[in-house]
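Residues per chain, in single letters:
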Amino acid sequence: MTRQENVDVLADHSLLLAIPAFLPAVALVALVLFIAMRDRRAEKRENEDARAQSAQAEHSEESVTDRRLRYGLVTVAAGSLLMGCSSGTESQPSDVPTNAARVIDIRIANGTVSPANTRTEAEVGQRIVLRVDSDATDELHVHSAPAHTFPVAAAAGQQFDFTVTVPGQVEIELHHLGRTVTTLLVRR
Ligand SMILES: [Cu+2]
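Residues numbered from 1 in each chain as written. Predicted model: local features only at pLDDT ≥ 70, side-chain atom pairs only at ≥ 80, totals over all residues.

### Some details on the overall build of the protein chain
This is how the line gets drawn: Only DSSP runs of H or I covering at least 4 residues are called helices, and only runs of E covering at least 2 are called strands; the numbering of each starts at the N terminus. Counting other C-beta atoms within 10 Å of its own, a residue is labelled buried from 20 upward, exposed at 12 or fewer, and partly exposed in the gap between, with every C-beta atom placed from the backbone. Distance between backbone-placed C-beta atoms decides contact: two residues are in contact if it is within 7 Å.
Looking only at helices and strands, the protein chain features four helices and nine strands. Start at the N end of the protein chain and walk to the C end: the helices and strands fall as α-α-α-α-β-β-β-β-β-β-β-β-β. Evaluated residue by residue, the protein chain yields a buried proportion of 12% over its 188 residues. A separation of at least 24 residues holds for 67% of the contacts in the protein chain among residues at least 6 apart in sequence.

### A closer look at the sheet that holds strand E1 (residues 102-109)
Stated formally: We call two strands paired when DSSP finds no fewer than two bridges between them. Here an axis means a line fitted to C-alpha atoms, over the contact stretch when the element is a helix, while the angle between two N-to-C directions is reported on a 0 to 180 degree scale.
Sheet architecture is open: four strands sit in the order E2-E1-E4-E7, paired in mixed fashion. In this open sheet, the two edge strands, each paired with only one partner strand, are strand E2 (112-114) and strand E7 (158-163). Recorded for the sheet is a direction-independent mean angle of 20 degrees between the axes of neighbouring strands. Sheet topology places E1 next to strand E4 (residues 127-134); seven bridges connect them, and they run parallel.

### A few points about the sheet that holds strand E6 (residues 148-152)
Hydrogen bonds between backbone groups are what pair the strands of a sheet, and the pairing can be parallel or antiparallel. Strand order in the open sheet made by the five strands is E3-E9-E8-E5-E6, with mixed pairing throughout. Two strands in the sheet have a free side with no partner beyond their single neighbour: strand E3 (118-123) and E6. For this sheet the average axis-to-axis angle between neighbouring strands, irrespective of direction, equals 20 degrees. Strand direction decides the pairing type here: E3 and strand E9 (residues 179-187), joined by six bridges, are parallel.

### Quick look at the confidence of the model for the protein chain
Threshold: Note on scores: pLDDT gives the predictor's confidence for each residue, bounded by 0 and 100.
Looking at the protein chain as a whole, its pLDDT mean stands at 72, while 51% of the residues score no less than 70. Per-element confidence in the protein chain is highest for E4, whose mean pLDDT is 98, and lowest for helix H2 (residues 13-22), whose mean pLDDT is 46. Considering only residues more than four positions removed or in separate chains, one finds that residues 73-97, a stretch of pLDDT under 50, has 24 contacts.

### Thoughts on the nonpolar core
Which entries qualify depends on this criterion: As used throughout, a nonpolar core is a set of buried Ala, Val, Leu, Ile, Met, Phe, Trp, Tyr and Cys residues joined through C-beta atoms within 7 Å of each other.
Core analysis: the biggest nonpolar cluster contains 17 residues, and Ile106, Leu140, Val164, Val170, Ile172 and Leu184 have the highest contact counts within it. Of all elements in the fold, only E1, E4, strand E5 (138-142), strand E8 (168-174) and E9 reach the threshold of two or more residues within this core. In this structure, Leu184 is in contact with Thr120, Ala122, Ile128, Val164, Gln169, Val170 and Ile172, ignoring residues within four places of it in sequence.

### Details of the environment of Phe162
With respect to the helices, strands and loops of the structure, Phe162 is situated in strand E7. Sequence separation between Phe162 and His148 is 14 residues; the distance between their C-alpha atoms is 7.9 Å. Setting aside residues up to four positions removed in sequence, Phe162 forms contacts with Ile128, Val142 and His148.

### What about the pairing of E9?
The side chains of a regular strand alternate between the sheet's two faces. Pairing of E8 with E9, which is carried by seven bridges, proceeds in the antiparallel orientation. By the bridge assignment for E9, Glu171 is matched with Thr183. Hairpin connection from E8 to E9: four residues lie between these consecutive antiparallel strands, with Gly178 at a positive phi of about 70 degrees.

### Comments concerning the pairing of E4
Burial along E4 is one-sided: Ile128, Leu130, Val132 and Ser134 are buried, and none of Arg127, Val129, Arg131 and Asp133, which face the opposite way, are. In this sheet, E7 lies alongside E4 in antiparallel orientation, the contact comprising six bridges. Bridge pairing in E7 places Arg131 opposite Gln159.

Following this line, the structure appears as C-alpha coordinates:
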(Lines give C-alpha, C1' and ligand atoms only; values in the text may rest on other atoms or scores of the structure.)
Protein backbone atom coordinates (compact mmCIF):
# COMPACT_ATOMS: atom_id res chain seq x y z
CA MET A 1 0.00 0.00 0.00
CA THR A 2 1.28 3.42 -0.82
CA ARG A 3 0.01 4.85 2.45
CA GLN A 4 2.55 2.83 4.39
CA GLU A 5 5.31 4.93 2.81
CA ASN A 6 3.68 8.03 4.22
CA VAL A 7 4.54 6.90 7.75
CA ASP A 8 8.24 7.26 7.03
CA VAL A 9 7.89 10.85 5.87
CA LEU A 10 6.03 11.79 9.06
CA ALA A 11 8.98 10.64 11.11
CA ASP A 12 11.04 13.54 9.79
CA HIS A 13 10.97 15.51 13.02
CA SER A 14 13.42 18.20 11.98
CA LEU A 15 11.04 19.34 9.29
CA LEU A 16 8.08 19.23 11.68
CA LEU A 17 9.93 21.29 14.27
CA ALA A 18 11.09 23.81 11.68
CA ILE A 19 7.57 24.69 10.60
CA PRO A 20 6.54 26.84 13.60
CA ALA A 21 9.88 28.62 13.46
CA PHE A 22 9.58 29.66 9.84
CA LEU A 23 5.90 29.92 9.04
CA PRO A 24 3.84 32.97 9.91
CA ALA A 25 0.98 31.99 12.18
CA VAL A 26 -1.56 33.28 9.71
CA ALA A 27 -0.26 31.00 6.99
CA LEU A 28 -0.47 28.02 9.34
CA VAL A 29 -4.07 28.78 10.29
CA ALA A 30 -5.04 29.15 6.64
CA LEU A 31 -3.24 25.95 5.82
CA VAL A 32 -4.92 23.94 8.55
CA LEU A 33 -8.33 25.30 7.58
CA PHE A 34 -7.68 24.38 3.99
CA ILE A 35 -6.62 20.86 4.89
CA ALA A 36 -9.51 20.43 7.29
CA MET A 37 -11.96 21.33 4.54
CA ARG A 38 -10.31 18.93 2.16
CA ASP A 39 -10.30 16.28 4.83
CA ARG A 40 -13.98 16.72 5.58
CA ARG A 41 -14.77 16.25 1.94
CA ALA A 42 -12.65 13.11 1.86
CA GLU A 43 -14.35 11.89 5.02
CA LYS A 44 -17.76 12.28 3.45
CA ARG A 45 -16.58 10.30 0.47
CA GLU A 46 -15.15 7.58 2.65
CA ASN A 47 -18.28 7.33 4.77
CA GLU A 48 -20.23 6.63 1.62
CA ASP A 49 -17.68 4.00 0.74
CA ALA A 50 -17.95 2.49 4.19
CA ARG A 51 -21.72 2.37 4.01
CA ALA A 52 -21.48 0.58 0.70
CA GLN A 53 -19.06 -1.91 2.17
CA SER A 54 -20.72 -2.20 5.60
CA ALA A 55 -19.92 -5.87 5.75
CA GLN A 56 -16.26 -5.07 6.25
CA ALA A 57 -16.19 -3.60 9.76
CA GLU A 58 -12.42 -3.14 9.78
CA HIS A 59 -12.44 -0.86 6.77
CA SER A 60 -13.72 2.31 8.43
CA GLU A 61 -11.37 1.91 11.38
CA GLU A 62 -8.44 1.62 9.01
CA SER A 63 -9.45 4.67 7.02
CA VAL A 64 -9.57 6.85 10.15
CA THR A 65 -5.94 5.98 10.91
CA ASP A 66 -4.95 6.51 7.32
CA ARG A 67 -6.66 9.86 7.25
CA ARG A 68 -4.83 10.98 10.38
CA LEU A 69 -1.52 10.01 8.78
CA ARG A 70 -2.44 11.74 5.57
CA TYR A 71 -3.49 14.87 7.50
CA GLY A 72 -0.05 15.07 9.06
CA LEU A 73 1.72 14.36 5.81
CA VAL A 74 -0.18 17.02 3.89
CA THR A 75 0.59 19.53 6.66
CA VAL A 76 4.29 18.73 6.48
CA ALA A 77 4.39 18.75 2.68
CA ALA A 78 2.45 22.00 2.31
CA GLY A 79 4.46 23.56 5.12
CA SER A 80 7.77 22.78 3.53
CA LEU A 81 6.42 24.02 0.21
CA LEU A 82 5.39 27.29 1.82
CA MET A 83 8.78 27.62 3.51
CA GLY A 84 10.51 27.19 0.18
CA CYS A 85 8.31 29.84 -1.40
CA SER A 86 8.70 32.39 1.37
CA SER A 87 12.47 32.16 1.43
CA GLY A 88 12.80 32.36 -2.34
CA THR A 89 10.22 34.54 -4.06
CA GLU A 90 8.79 36.69 -1.30
CA SER A 91 8.69 40.28 -2.50
CA GLN A 92 10.67 42.79 -0.44
CA PRO A 93 10.03 46.48 0.19
CA SER A 94 11.90 48.38 -2.53
CA ASP A 95 14.03 50.37 -0.08
CA VAL A 96 15.62 47.24 1.39
CA PRO A 97 18.94 46.59 -0.40
CA THR A 98 18.50 42.92 -1.19
CA ASN A 99 19.64 43.12 -4.82
CA ALA A 100 22.32 40.85 -6.14
CA ALA A 101 25.70 42.45 -6.65
CA ARG A 102 26.22 44.55 -9.77
CA VAL A 103 29.25 43.02 -11.47
CA ILE A 104 31.32 45.13 -13.89
CA ASP A 105 33.96 43.33 -15.93
CA ILE A 106 36.86 45.61 -16.83
CA ARG A 107 39.60 44.69 -19.27
CA ILE A 108 42.75 46.76 -19.66
CA ALA A 109 45.03 45.77 -22.54
CA ASN A 110 47.49 47.61 -24.78
CA GLY A 111 46.70 51.00 -23.28
CA THR A 112 42.95 50.78 -23.74
CA VAL A 113 40.15 49.90 -21.39
CA SER A 114 36.78 48.36 -21.97
CA PRO A 115 34.19 49.29 -21.15
CA ALA A 116 34.78 53.04 -21.46
CA ASN A 117 32.34 55.89 -20.76
CA THR A 118 29.38 53.58 -20.22
CA ARG A 119 26.56 54.01 -17.76
CA THR A 120 25.71 51.42 -15.15
CA GLU A 121 22.52 51.45 -13.14
CA ALA A 122 22.73 50.58 -9.47
CA GLU A 123 20.78 51.04 -6.29
CA VAL A 124 21.73 52.53 -2.97
CA GLY A 125 23.20 49.79 -0.80
CA GLN A 126 23.81 47.47 -3.73
CA ARG A 127 27.18 45.75 -3.76
CA ILE A 128 29.28 46.77 -6.77
CA VAL A 129 31.91 44.27 -7.87
CA LEU A 130 34.71 45.30 -10.25
CA ARG A 131 36.40 42.32 -11.93
CA VAL A 132 39.59 43.42 -13.60
CA ASP A 133 41.90 41.79 -16.11
CA SER A 134 44.87 44.04 -16.82
CA ASP A 135 48.25 43.94 -18.54
CA ALA A 136 49.47 47.06 -16.72
CA THR A 137 49.40 48.52 -13.24
CA ASP A 138 46.90 51.32 -12.72
CA GLU A 139 44.61 52.77 -10.12
CA LEU A 140 40.84 52.51 -10.08
CA HIS A 141 39.16 55.47 -8.48
CA VAL A 142 35.51 55.42 -7.42
CA HIS A 143 34.17 58.96 -7.05
CA SER A 144 31.61 58.14 -4.41
CA ALA A 145 31.29 59.59 -0.94
CA PRO A 146 33.38 58.24 0.62
CA ALA A 147 35.68 57.61 -2.36
CA HIS A 148 37.47 54.33 -3.00
CA THR A 149 40.87 53.74 -4.55
CA PHE A 150 41.86 50.27 -5.72
CA PRO A 151 45.38 49.41 -6.91
CA VAL A 152 45.29 47.49 -10.19
CA ALA A 153 48.08 45.01 -10.83
CA ALA A 154 49.17 43.62 -14.19
CA ALA A 155 47.21 40.44 -13.64
CA ALA A 156 43.99 38.68 -14.52
CA GLY A 157 41.14 37.89 -12.14
CA GLN A 158 41.40 40.83 -9.76
CA GLN A 159 38.29 41.74 -7.86
CA PHE A 160 37.35 44.88 -5.94
CA ASP A 161 34.01 45.59 -4.36
CA PHE A 162 32.29 48.40 -2.57
CA THR A 163 28.84 49.74 -1.76
CA VAL A 164 27.50 53.18 -2.61
CA THR A 165 25.32 54.63 0.14
CA VAL A 166 24.41 57.98 -1.47
CA PRO A 167 22.21 58.22 -4.58
CA GLY A 168 23.59 60.07 -7.60
CA GLN A 169 26.26 59.66 -10.28
CA VAL A 170 29.51 57.95 -9.38
CA GLU A 171 32.38 57.88 -11.85
CA ILE A 172 34.74 54.93 -11.91
CA GLU A 173 38.04 56.08 -13.39
CA LEU A 174 41.41 54.65 -14.30
CA HIS A 175 43.86 57.27 -13.18
CA HIS A 176 46.97 56.21 -15.07
CA LEU A 177 45.10 55.78 -18.32
CA GLY A 178 43.02 58.86 -17.62
CA ARG A 179 39.81 57.18 -18.72
CA THR A 180 36.36 56.90 -17.24
CA VAL A 181 35.35 53.26 -17.27
CA THR A 182 31.74 53.73 -16.37
CA THR A 183 29.46 56.05 -14.45
CA LEU A 184 27.21 54.50 -11.87
CA LEU A 185 23.69 55.87 -11.80
CA VAL A 186 22.81 55.15 -8.21
CA ARG A 187 19.12 55.46 -7.39
CA ARG A 188 17.29 55.05 -4.16
CU1 LIG B 1 39.44 59.97 -9.69
